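So you can see what is in the structure, the chains are spelled out below.
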Amino acid sequence: WIASSNNFPVVQVRVQLTDKEELMVDIYIAESERGNGHGKKLLNQLGTLCGSIWKNLPLIAEIRHENQASISVFRSANYRPVEELADYVKMRWFG
């Protein structure tokens, strides 16, 4: 999914079904649009949409520990840490 503002793409979100029966979420926010709430809004809309399509599959994000901005966006969109690994934190949507 790609969200636009004033005909300019601001957020891209991808979802992939894993072999663990999870929906892996990946997000990119245009640098000029970071901090404007676009990521939070799209992640929450994505959670609602995916929940209606794949009712029993969790939305998961794996985020490198050093990427605190991304962790913050996911936290603001009701994702919570469910597992700490060496290189990244695994977060799950609890919308």
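For the structure, see preceding data.
Here goes a summary of the coordinates provided. (Residues numbered from 1 in each chain as written. Predicted model: local features only at pLDDT ≥ 70, side-chain atom pairs only at ≥ 80, totals over all residues. Heavy atoms only, no water.)

**Some thoughts on the sheet that holds strand β1 (residues 2-5)**
- Strand order in the open sheet formed by six strands is β1-β2-β3-β4-β6-β5, with mixed pairing between adjacent strands. The open sheet is flanked by β1 and β5 (79-84), the only strands paired with a single partner. Neighbour-to-neighbour, the strand axes of the sheet open up by a mean angle of 30°, direction not taken into account.
- As paired strands, strand β2 (residues 8-17) and strand β3 (residues 23-29) are joined by seven bridges and run antiparallel to one another. Counted as the bridge partner of Val15 is Val25 from β3.
- Helix-sheet contacts for helix α1 (residues 38-53) involve β1, β2, β3, β4 (59-64), β5 and β6 (88-93), and the interaxial angle to β2 is about 35°.
- Here helix α2 (residues 68-76) sits on the sheet in contact with β3, β4, β5 and β6, set at roughly 155° to β4. (Pairing = 2+ DSSP bridges. Helix = DSSP H or I, 4+ residues; strand = E, 2+ residues; numbered from the N terminus. Axes fitted to C-alpha atoms, helices over the stretch in contact; angles between N-to-C directions. Contact = heavy atoms within 4.5 Å.)

**A closer look at the packing of α1 against α2**
- Between α1 and α2, the least distance of the axes is 8 Å, while the angle of their chain directions is 50°. Considered as vectors, α1 and α2 are oriented oblique to each other. When the axes of α1 and α2 are compared, the crossing they make is right-handed. Residues Gly39, Lys40, Leu43 and Asn44 of α1 pack against Val73, Phe74 and Ser76 of α2.
- Looking at the contact of α1 with α2 residue by residue, the class counts come to three nonpolar, three polar and one charged. (Parallel < 35°, antiparallel > 145°, perpendicular 65-115°, else oblique. Left-handed = near helix turned anticlockwise from the far one by under 90°. Nonpolar A, V, L, I, M, F, W, Y, C, P; charged D, E, K, R; others polar.)

**Structural notes on the pairing of β3**
- Counting buried positions along β3 yields five of seven residues, so the element is predominantly enclosed.
- Once β2 ends, the chain turns through five residues before running back antiparallel as β3, passing Glu21 with a positive phi of about 60°. (Buried < 20%, exposed > 50% of the residue type's maximum accessible area, 1.4 Å probe, protein only.)

**Observations regarding the packing of aromatic side chains**
- The tally for this structure, following the rule as stated, stands at one aromatic pair.
- Taking 4.8 Å as the distance between ring centres and 90° as the angle between the ring planes, the aromatic pair formed by Phe74 and Tyr79 counts as edge-to-face. By the burial criterion, Phe74 is buried, and Tyr79 matches it. (Phe/Tyr/Trp six-rings, centres within 6.5 Å; stacked < 30°, edge-to-face > 60°.)

**Some words on the side chain of Lys90**
- For Lys90, the position within the fold is in strand β6.
- The contact partners of Lys90, leaving out residues within four places of it in the chain, are Glu22, Ile60, Ala61, Glu62, Arg80, Pro81, Val82 and Glu83.

Everything listed here is a matter of coordinates, which is why it stays silent on function.
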